[in-house]
Amino acid sequence: MEDKNDIRTYSLQTVQMILYYFLINEWLLSLLQITNTLRIDGFQLFIAGMLIFYFWFKQTWIHVLGGISGALLVIYHLYYIEPLFSFTWIKDLWKEVLINITFLLDFQWSEVSNQFRSLLFLLALWMMIKLLALFIHHHKSFLIILITAAYLSIIDSFFLYDAAWPIVRIISIGLVIIALEQQKWILSETENSRLSFRFITAALILSLAIITVGYFSPKAEAKWADPTGWFDQFQGKGMVKKGKDSIKKIGYSVDDSFLGGPFEQDDIVVMESISNKRVYWRGESKDTYTGHGWVNSRDTHYEDWVMINGKEVYDFPVHLMKKDAPLEKQELKYSLSFATNNTFNLFFLGGDWEEIHVMEADDVVKAKVNRYNQNLLVHQQLGSYQVTGYTPIIDEKILRQTNEDYSKVLLQTYLASYLALPDNLPQRVRDLANELTKENDNPYDKAQAIKSYVRTHYRYDTENVPYPKENEDFVDQFLFESQIGYCDHFSSSMVVLVRSIGIPARWVKGFTPGETSYDSEIGEYKGLIQNKNAHSWVEVYFNNIGWIPFEATPSFQMSLEYKIDQDLTAMDRLDNLPQRQLKEELELDDLKDGGMSKQSSTYLNLFQWISFFLIMLLTILFVKYRTEISFWWRKHRLSKEKSMTRMIILSTEHFLAILGTLGKEKESAQTVREYLSSLFQSSSTNEWEEVTEVYEEARYSQRAISEQWRKKFWDYWKQLIIRIRS
């Protein structure tokens, strides 16, 4: 009956483990909607593996080994395409870790790579599962359920996340977990108890009743619809100060001629978006830096008419990239709907456009495009529109092959204003640009070096930001004096520094993606864009390609895909990789080795994965059943021993060692009889007494041991070991 209870307990424990997995999985699912996370499959596998280790193995070293192996496997799965057993990726990862630790020590949070972020997140998940195991051990399952419900409620209040059904799921799962916990307690405390499903049935019925009542009962309007607004009001925010010390409110401004000074956040909604990927919403660019801000020069006011709601596609320079640019493209589809208080007649676009459809207009709409800065506007107030277009895949190898040999015609007719700088720009700005790029030999690496410097050497702040003095250059003041600012400071500084070394660049403004949530039903992102999401960034011109965006502001990241230059060394990749992002769609045949075909490399990769999982499975089985394996191996060897006396003595010593590994070590002063008596005296069987007598007879007597003990002795010890393990 004791064995049956054990089987039932293990069965209930397995079901509990599965339910705990679904409980923790709710934490991960929410990340898809409230963060930039695109994939959680690796983290889900990690959680499942760690739960198995913590539920089925008690030894700490197994937990540590499983955690390290699982974390490495997930990182490999998400970021690396080298052969699994080549171990070159581990060397790259180690270098990545060392570099990112220096970033952390220098408080350069924005430069921490995605690999290292994932590694830290896996560590957090590991700690979370460790804490979960501790709660379970102390029968605190209800506390776990309560914390999960509280977490989902908080993100439902402060993010664009609907936690209604997730909370329903965790309450249902939680009730079943508590019912299983109660059933386990009954099995452990009551002899000859039977497995009953009445607690589980009651939990399921209660869950169904709660869901039904909650779904069909009338709902009152929310008393606290927007908690963020309440917090702002409580802190004295949301009001513009008047007078000479006035503080600006953030938003999309037409006048950018004087930049600087602090500003306050503004939660007024500007527009809503639905798109197949998260993108920046580009409004317009400006070409002339005055020393105080940005304006558009008279030279660039030439306008062309383009057709909207038609299917005409215009080539560069109407678009950001040349039609025949050698970069791959990702299709982009989206719709934008402006708030009712909208006064914009400017199209905000998420990349290059091919076709625009204004929802309020049935006929063709004419719009003006500035051929020099790609700004697109209509003489009417926009309500909503749909766009089909694309974003570039940033191929580093191609961009590194570009040069600075701009044609004379192009310089005179188009690029001149994007190289212009004020005559009174302080020389130390130009000197800094030359110093930062002296080791680089192509425009892309030069732009990257400047971007990396700006992002890592200055502090982001929106409140304690000084206004430049009347005769003080805005960029110079930021780079060498205040060293504190927001997006306008970082983006303007990068543009000026890039222009200082003869590379065309321009200042761009628009909105970030805002608060986004992923709708799995339609497979698209929904975004809420507010005034506080107004932002500025940089575009750099590359020969034969066009304009490529760069994000110079710390803690902001563009959702662009990158194709890594495989000709670089691992260390160079870490130094030059923008945002440390890997292109998830990177084809395996980009890493051909000795002419290996894509198909054969795919088979090889599949074989390596299967081999890895088989090795992991065998390792787990060995650790789980190592006592049985050791028992069988000794029995196989010692049962052939001709001398019964020698077999009994050696076998007993082996069995005592096994009991020691199970946490029942024999004290040095104890005899075998005293030791076994302390373990089995309360047992209803007397196998331990018989094996003790046989051992003492073999050890201390000269009489021969009967052959009948050859098999009987092993069977008795097997029963004793099973009883100890149970």
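Residues numbered from 1 in each chain as written. Predicted model: local features only at pLDDT ≥ 70, side-chain atom pairs only at ≥ 80, totals over all residues. Heavy atoms only, no water.

Draft legend 1. Fine view of unusual backbone geometry. Positioned with a positive phi, N544 is a non-glycine residue whose angle comes to about 65 degrees. By the secondary structure assignment, N544 is in the loop between β18 (534–542) and β19 (546–550). Of the residues examined, N544 reaches a relative accessible area of 53% and is grouped as exposed. (Helix = DSSP H or I, 4+ residues; strand = E, 2+ residues; numbered from the N terminus. Buried < 20%, exposed > 50% of the residue type's maximum accessible area, 1.4 Å probe, protein only.)

Draft legend 2. Up close: the pattern of salt bridges. Applying the stated criterion across every chain yields a total of 16 salt bridges. Ionic pairing is found between K532 and D267, a salt bridge with its closest N-O pair at 3.2 Å. Linking K532 in the loop between β17 (524–530) and β18 with D267 in the loop between β2 (263–264) and β3 (269–275), this pair joins segments that are 265 residues apart in sequence. We classify K532 as partly exposed; its relative accessible area is 27%. E404 is the salt-bridge partner of K446, the closest N and O atoms lying 3.0 Å from each other. (Salt bridge = Lys/Arg side-chain N within 4 Å of Asp/Glu carboxyl O.)

Draft legend 3. Looking closely at the environment of Q386. Here Q386 lies in strand β12 (residues 384–395). For Q386, a relative accessible area of 39% puts it in the partly exposed group. Spatially, the C-alpha atoms of Q386 and K333 are 7.6 Å apart, while their sequence positions differ by 53 residues. Beyond its immediate sequence surroundings of up to four residues, Q386 is in contact with Y334, S335, E355, I356, H357 and M359. (Contact = heavy atoms within 4.5 Å.)

Draft legend 4. Structural context of the nonpolar core. Grouped together as the largest cluster of nonpolar side chains are 56 residues, with contacts concentrated most on Y20, F43, F46, I47, L51 and L122. For this core, the elements supplying multiple residues, two or more each, are α1 (2–34), α2 (41–56), α3 (60–79), α4 (88–105), α5 (114–137), α6 (141–158) and α7 (164–189). Every residue in contact with F46, bar those within four places of it in the chain, is listed here: G67, G70, A71, V74, L122, L125 and W126. Membership of the second largest hydrophobic core comes to 54 residues, among which are W294, Y406, V429 and V495. (Core = buried A, V, L, I, M, F, W, Y, C linked by side-chain atoms within 4.5 Å.)

Draft legend 5. Molecular detail of the side chain of Q477. Structurally, the position occupied by Q477 is in helix α14 (residues 474–482). Sequence-distant contacts of Q477, that is, excluding residues within four places in its chain, are made with P466, Y467, P468, E472, S482 and Q483.

Draft legend 6. Looking closely at α4. For α4, built from 18 residues, the straight-helix expectation of 26 Å at 1.5 Å per residue is met to within 8% by its first-to-last C-alpha distance of 26 Å. Residues W89, D92, L93, E96, V97, I99, N100 and F103 constitute the buried set of α4. (Expected span 1.5 Å × (residues − 1).)

Draft legend 7. Broad picture of the packing of helix α12 (residues 427–437) against helix α13 (residues 443–457). Two numbers describe how α12 lies on α13: the axes approach to 9 Å, and their chain directions differ by 115 degrees. In this view, α12 runs roughly perpendicular relative to α13, as classed from their interaxial angle. With respect to the hand of their crossing, α12 and α13 are arranged in right-handed fashion. Listed contacts from α13 to L432, L436 and T437 of α12 are K446, A449, I450 and Y453. Its residues assigned to classes, the contact of α12 with α13 comprises 5 nonpolar, 1 polar and 1 charged. (Axes fitted to C-alpha atoms, helices over the stretch in contact; angles between N-to-C directions. Parallel < 35°, antiparallel > 145°, perpendicular 65-115°, else oblique. Left-handed = near helix turned anticlockwise from the far one by under 90°. Nonpolar A, V, L, I, M, F, W, Y, C, P; charged D, E, K, R; others polar.)

Draft legend 8. Quick peek at the sheet that holds strand β15 (residues 505–511). On the basis of which strands lie adjacent, the open sheet formed by 4 strands has the order β4-β15-β18-β19 and antiparallel pairing. Here the strands that pair on one side only, and so sit at the sheet edges, are β4 (281–286) and β19. Here the average twist between neighbouring strands, direction ignored, is 35 degrees. Against the sheet, α13 makes contact with β18 and β19, and its axis sits at roughly 25 degrees relative to β19, the strand it touches most. (Pairing = 2+ DSSP bridges.)

Draft legend 9. Inspection of a nonpolar patch on the surface at higher detail. A grouping of F142, L143, L146, I147 and I178 is seen on the molecular surface, where their side chains present a nonpolar patch of about 440 Å² in accessible area. Within the fold, I178 resides in helix α7. (Patch = residues over 30% accessible without salt bridge, like charges linked within 9 Å, V, L, I, M, F, W, Y side chains within 5 Å. Areas by Shrake-Rupley, 256 points an atom, 1.4 Å probe, with all protein chains shown as cover.)

Draft legend 10. Here's a closer look at the packing of α14 against helix α15 (residues 487–500). Running from amino to carboxyl end, α14 crosses α15 at an angle of 105 degrees, the nearest separation of the two axes being 9 Å. Comparing their axes, α15 and α14 come out roughly perpendicular. Each of F474, V475, F478 and L479 in α14 lies in contact with α15, whose residues at this interface are D488, H489, F490, S492, S493, V496 and L497. Residues of the contact of α14 with α15, tallied by class, amount to 7 nonpolar, 3 polar and 1 charged.

Draft legend 11. Fine view of the packing of aromatic side chains. Summed over all chains, the structure comprises 30 aromatic pairs. Geometrically, the ring pair formed by Y252 and F511 is stacked, given 5.7 Å between the ring centres and 25 degrees between the ring planes. Taken together, the residues Y252 in the loop between β1 (248–249) and β2 and F511 in strand β15 connect sequence positions 259 residues apart. For F511, a relative accessible area of 0% gives the class buried. For the ring pair Y280 and W537, a centre distance of 5.0 Å and an interplane angle of 70 degrees mean the geometry is edge-to-face. One end of the pair, Y280, is in the loop between β3 and β4; the other, W537, is in strand β18, with 257 residues separating them in the sequence. Accessibility assignment for this pair places Y280 and W537 in one class, buried. Every member of this aromatic cluster is reached through a ring pair, and the members are Y252, F338, F347, F348, Y385 and F511. (Phe/Tyr/Trp six-rings, centres within 6.5 Å; stacked < 30°, edge-to-face > 60°.)

Draft legend 12. Focus on the environment of V454. Here V454 shows up in helix α13. Sequence separation between V454 and S493 is 39 residues, and the spatial gap between their C-alpha atoms is 7.7 Å. Contacts of V454, omitting those with residues within four sequence positions, involve F490, L497 and A552.

By themselves, these observations are geometric and do not establish any function.
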